[in-house]
Amino acid sequence: PLGWSAAAPLVAGAALGPALAVTAAAGPLVGLGVAGLVPWDVALVSAVAALLGTVVAVFSTSVVSPAGE
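Residues numbered from 1 in each chain as written. Predicted model: local features only at pLDDT ≥ 70, side-chain atom pairs only at ≥ 80, totals over all residues. Heavy atoms only, no water.

1. So, the overall build of the protein
Reasoning step 1: Of regular secondary structure, the protein possesses four helices and zero strands.
Reasoning step 2: N-terminal to C-terminal, the α/β element order of the protein is α-α-α-α.
Reasoning step 3: By residue count, 12% of the 69 residues in the protein fall in the buried class. (Helix = DSSP H or I, 4+ residues; strand = E, 2+ residues; numbered from the N terminus. Buried < 20%, exposed > 50% of the residue type's maximum accessible area, 1.4 Å probe, protein only.)

Below you can see the structure in the form of C-alpha cells.
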C-alpha cells in the first residue's frame, strides 16, 4: 500500500537524530529559529552556510567527474 512507502524515510529520519537531520538542510535550521530554540543569527548563518555548502558540492562534483560525451 501507498502508506507503507513512507515508513522507510520516516524511520531513516528518526534514526539520524536531530543534530544530523538539522545539518542536512536549511529548512529545519530556520524552523529552529522560528521555534525559538536557537537564536536567529545562529539559525540564519547556519542556513546560509548549508546552502552555500550545497552549491559548492554540486559544482565540485561536476569538476571532479565531468560528464562524458
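There's more to say after this.
2. What about the environment of Gly31?
Reasoning step 1: Residue position: Gly31 is located in helix H3 (residues 26–35).
Reasoning step 2: Taking the relative accessible area as the measure of exposure, Gly31 reaches 36% and is therefore partly exposed.
Reasoning step 3: In this structure the C-alpha to C-alpha distance between Gly31 and Ala43, which are twelve residues apart in sequence, comes to 8.4 Å.

3. Overview of helix H4 (residues 40–64)
Reasoning step 1: For H4, with 25 residues, the first-to-last C-alpha span of 36 Å sits near the 36 Å given by 1.5 Å per residue.
Reasoning step 2: Listed as buried for H4 are Ala43, Ala47 and Ala50.
Reasoning step 3: On the buried face of H4, the contacting elements are H3. (Expected span 1.5 Å × (residues − 1). Contact = heavy atoms within 4.5 Å.)

4. Side note on H3
Reasoning step 1: Within H3 the residues assigned to the buried category are Ala26, Leu29 and Gly33. Buried residues of H3 fall within an arc of 60 degrees about the axis and therefore sit on the same side. Of the exposed residues in H3, those oriented more than 90 degrees away from the buried face are Gly27, Val34 and Ala35.
Reasoning step 2: Positive backbone phi, approximately 80 degrees, marks Gly36, located one or two places after H3. (Arc of directions from axis to C-beta.)

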